[in-house]
Amino acid sequence: MEVKCIIFDCDGVLVDTEKIGNGIMLEMAAEYGFKMELEDAYRDFNGRKLKECFLFIENAIGKKLPDTFESDYRQKSFEAFKTQVKPMEGVLKFIENLKIPYCVASSGPVDKIRLNLEVAGLLDKFENKIYSSYEINSWKPEPGIFLHAAKEMGFDVKDCIVIEDSKAGVISGISGGFKVYGFTNGFNNEDLEKEGAILFSSYEELSEVI
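This report concerns the structure included in the present document. Everything numeric in this text was worked out from a predicted model, so none of it was measured. (Residues numbered from 1 in each chain as written. Predicted model: local features only at pLDDT ≥ 70, side-chain atom pairs only at ≥ 80, totals over all residues. Heavy atoms only, no water.)

1. Observations concerning the overall build of the chain
No. 1: For the chain, the helix and strand inventory stands at twelve helices and six strands.
No. 2: Whereas a compact globule of 210 residues would reach a radius of gyration of roughly 17 Å, the chain reaches 16 Å, a difference of no more than 12%.
No. 3: Each principal axis of the C-alpha distribution contributes one length, and for the chain these read about 50 × 35 × 30 Å.
No. 4: Out of the 210 residues belonging to the chain, those deemed buried represent 50%.
No. 5: Counting 25 positive and 37 negative side-chain charges, the chain places the averaged centre of each group 2 Å from the other. (Helix = DSSP H or I, 4+ residues; strand = E, 2+ residues; numbered from the N terminus. Rg over C-alpha atoms; globule rule 2.2 N^0.38 Å. Buried < 20%, exposed > 50% of the residue type's maximum accessible area, 1.4 Å probe, protein only. Lys, Arg positive; Asp, Glu negative; His and termini not counted. Charge placed at Lys NZ, Arg CZ, Asp CG, Glu CD.)

In structure tokens:
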């Protein structure tokens, strides 16, 4: 296929946030008796709607989390993101060398996407090309956010590729009819390949295969 547009996920694809966000969530949830390894959090939480992650925790501990859990988590994670977020290695060079349109499509809210891109020094690359599940009320693993991004960018599904790092994101892209490239991080290789992604481990490698 001739690639005419690239749709990037954000967390774990453009910005290195997954360890930060998952670490804070596991630390907070541990106060209520929840135990999970970081590797499992990558598999079960990445790419999913935040409320689904909280429901997973509640089902595991057999009780409701406090009403303030989400707001507390957002506050703590936002504060951490402001100082700790970095671009994924090689992504800036990859983007600067692109000769085709591209955008970002994420399950996160727009203010979170913008904050992380800004701290990582990537926001100027994605102005007016940011698409959030919160804008259309459709979250991965549903295909809606990628279909929305392709439409807004003015391309057919067959002309776009999706770059993802989560199982939910790969399912989302594949079910929408996209060719999906899965960014491996040492935790997700097997899951991404099982769901049909073409694996790559660096942007240098990706630049050689698309």
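2. Looking at the layout of surface pockets
A probe as big as a water molecule, rolled over the atoms, marks out the empty space that is left.
No. 1: Computed from the structure, the largest pocket encloses a volume of approximately 170 Å³.
No. 2: As for the largest pocket, its lining consists of Asp16, Lys86, Pro87, Met88, Glu89, Gly90, Phe183, Ser201, Ser202, Tyr203 and Glu204. (1 Å grid on protein atoms, 1.4 Å probe; cavity = no way out; pocket = protein on both sides within 12 Å on 5 of 7 lines; lining within 4 Å. Points joined across faces, edges and corners; volume = space filled by probe spheres on them.)

3. Focus: the pattern of salt bridges
No. 1: Applying the stated criterion across every chain, the model contains 14 salt bridges.
No. 2: Across the pair Lys64 and Glu58 runs a salt bridge, and its minimum N-O distance is 4.0 Å.
No. 3: Lys158 is the salt-bridge partner of Asp159, the closest N and O atoms lying 3.4 Å from each other.
No. 4: For Asp159, a relative accessible area of 10% puts it in the buried group.
No. 5: A cluster of three or more residues bridged by salt bridges with shared partners is formed by Glu39, Asp40, Arg43 and Asp191. (Salt bridge = Lys/Arg side-chain N within 4 Å of Asp/Glu carboxyl O.)

4. Remarks on the nonpolar core
No. 1: Judged by nonpolar contacts, the single largest core of 51 residues is most densely connected at Phe8, Leu14, Leu117, Ile163 and Tyr203.
No. 2: In terms of residue count, the dominant contributor to this core is helix α1 (residues 18-30) (six residues).
No. 3: Ignoring sequence-local partners within four residues, the contact set of Leu117 consists of Cys10, Leu14, Val15, Val104, Leu122, Leu123, Phe126 and Ile130.
No. 4: Counting residues in each nonpolar core, the second largest holds 17 residues, with Cys5, Cys103, Ala150 and Val180 among its members. (Core = buried A, V, L, I, M, F, W, Y, C linked by side-chain atoms within 4.5 Å. Contact = heavy atoms within 4.5 Å.)

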